[in-house]
Structure formats: structure tokens, C-alpha cells
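# Fold and geometry: a report
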Amino acid sequence: MDGGLPGRVLAEENSLQRWYPASLTKLMTAYIAFSAIRDGRLKLDGPVTISANAANQPPGRMGYKAGNRLSLDNALKIMLVKSANDIAVAVAEAAAGPEYQKGMNAAATKLGMTGTNFANANGLHSTKNYSTARDLAVLTRALRTDFPQFASYFGIEAIKYGETVERNYNILLGRFAGAD
């Protein structure tokens, strides 16, 4: 959505139908991390430590071992470009503690996401992880309006670590003006 639009609905169909949000869950993980930065609990150059829980997430993941650290800035970039499940959990734990789902759901409630429940930080399948198209639109609008300073994270086309280059799963980036 364009940051200049007032946020009105232009069209909708089944916008309140529950569905499995998959990796779109990572948008809320980013939201709680940005909230923690705004509130002074985290810094972009501060460390994110990979917990045993994060290290044990199934693929796709980066494969960091428990105890490894990286900056929040790099963790956010990896999570949003590669959609790494282990990094999403590490970011959520850094932002909201080991029971990060409570923080994610509290943020969803505060934003008015009435048809959403987050069971994890990465979107791995769970019957307790669900949302609606309306709620995800609310979340994406909140990301744009509450945290415009972080908009660049959503337009990163690729990341490089070592000799490996990982392209963003969003193939519209760099090919379609305004895509993020």
C-alpha cells in the first residue's frame, strides 16, 4: 500500500476468512522487533543470540549453532530476504523473550487484528497459527505507518554471506516499480 493512501479498502473478497499465513507470520516478527527498537529494548547493532530453540527449527534456516550471535540488523535482513526460520525465532526471542508468541498476539490485538493468532515466529504450520487477509493488511499498513524508517528492509533484493548470495523469494523486487 502507498504510505500516502488513507487506508481505505478498495476491494475485498473473503477478507475475514481464516487461513494459514505461512511466512507472512515473519511480518509480525519484524513488527515486534521494530517495536522493541522504538521502545529502547533493542538496538540494530545489538546482538541477537541463537538459542537452542532457534537452532532446532526445521528448514529453511541458516544453520547457526546455539550460542552464535549476529546483529539485529543482519538478523532482520536474513529473516526478511531468506525467510530463515531459525533467525525468525531468534529475532522474536530477542524482541519479546522465550514466550514471544504472547508479545506477537498482544501486538496483533493492539493493532485490531481480530482474526489472528500467532503460534510461532516463522510461520511453520500449526493449527494455532492463523490470520485473515484483512488482518494482514492491517499489519502491513502498521509496518508502513508506525515504522517508515525501516521500509528499506522490505526492498532488499539479495543478501551475501561468505561466498553465498541468497536472492529474495519475492521475485517482483527489482522488476516491478514499487514492489516490496
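Further up the page is the structure itself.
What counts, and where the lines are drawn
- Residues numbered from 1 in each chain as written.
- Predicted model: local features only at pLDDT ≥ 70, side-chain atom pairs only at ≥ 80, totals over all residues.
- Heavy atoms only, no water.
- Pairing = 2+ DSSP bridges.
- Helix = DSSP H or I, 4+ residues; strand = E, 2+ residues; numbered from the N terminus.
- 1 Å grid on protein atoms, 1.4 Å probe; cavity = no way out; pocket = protein on both sides within 12 Å on 5 of 7 lines; lining within 4 Å.
- Points joined across faces, edges and corners; volume = space filled by probe spheres on them.
- Salt bridge = Lys/Arg side-chain N within 4 Å of Asp/Glu carboxyl O.
- Buried < 20%, exposed > 50% of the residue type's maximum accessible area, 1.4 Å probe, protein only.
- Phe/Tyr/Trp six-rings, centres within 6.5 Å; stacked < 30°, edge-to-face > 60°.
- Patch = residues over 30% accessible without salt bridge, like charges linked within 9 Å, V, L, I, M, F, W, Y side chains within 5 Å.
- Areas by Shrake-Rupley, 256 points an atom, 1.4 Å probe, with all protein chains shown as cover.

### Re the pairing of strand β3 (residues 158-161)
With four bridges joining them, β3 and strand β4 (residues 164-167) adopt antiparallel strand pairing. Among the inter-strand pairings, I159 is bridged to a residue of β4, identified as E166. Here β3 folds back onto β4 in antiparallel fashion, the turn holding two residues, of which G162 has a positive phi close to 65°.

### Some details on the layout of surface pockets
In this model, the largest pocket occupies a volume close to 610 Å³. At the level of secondary structure, the elements contributing two or more residues to the lining of the largest pocket comprise α1 (25-38), α3 (72-82) and α6 (133-146).

### Quick word on the pattern of salt bridges
Taken as a whole and judged by the stated rule, the model has six salt bridges. D39 is the partner of R38 in a salt bridge, and the nearest nitrogen-oxygen pair spans 3.0 Å. Residue class for R38 comes out partly exposed when judged on its relative accessible area of 46%. Judged by relative accessible area, which is 45%, D39 ranks as partly exposed. Across the salt bridge formed by R134 and D135, the nearest N and O atoms sit 2.6 Å from each other. Since its relative accessible area comes to 0%, D135 is described here as buried.

### What about the packing of aromatic side chains?
Where two aromatic rings form a pair, the distance of their centres and the angle of their planes describe that pair. On inspection of all chains with the given rule, the structure shows seven aromatic pairs. With 6.0 Å between their ring centres and 45° between their planes, F34 and Y153 make a pair best called tilted. Of this pair, F34 sits in helix α1 while Y153 is found in the loop between α6 and β3, placing the two residues 119 residues apart along the sequence. Judged on exposure class, the residue F34 and its partner Y153 are both buried.

### Side note on a nonpolar patch on the surface
Together, I171, L172 and F176 line one region of the surface with nonpolar side chains, adding up to about 330 Å² of accessible area. Inspection of the secondary structure assignment puts F176 in the segment after β4.

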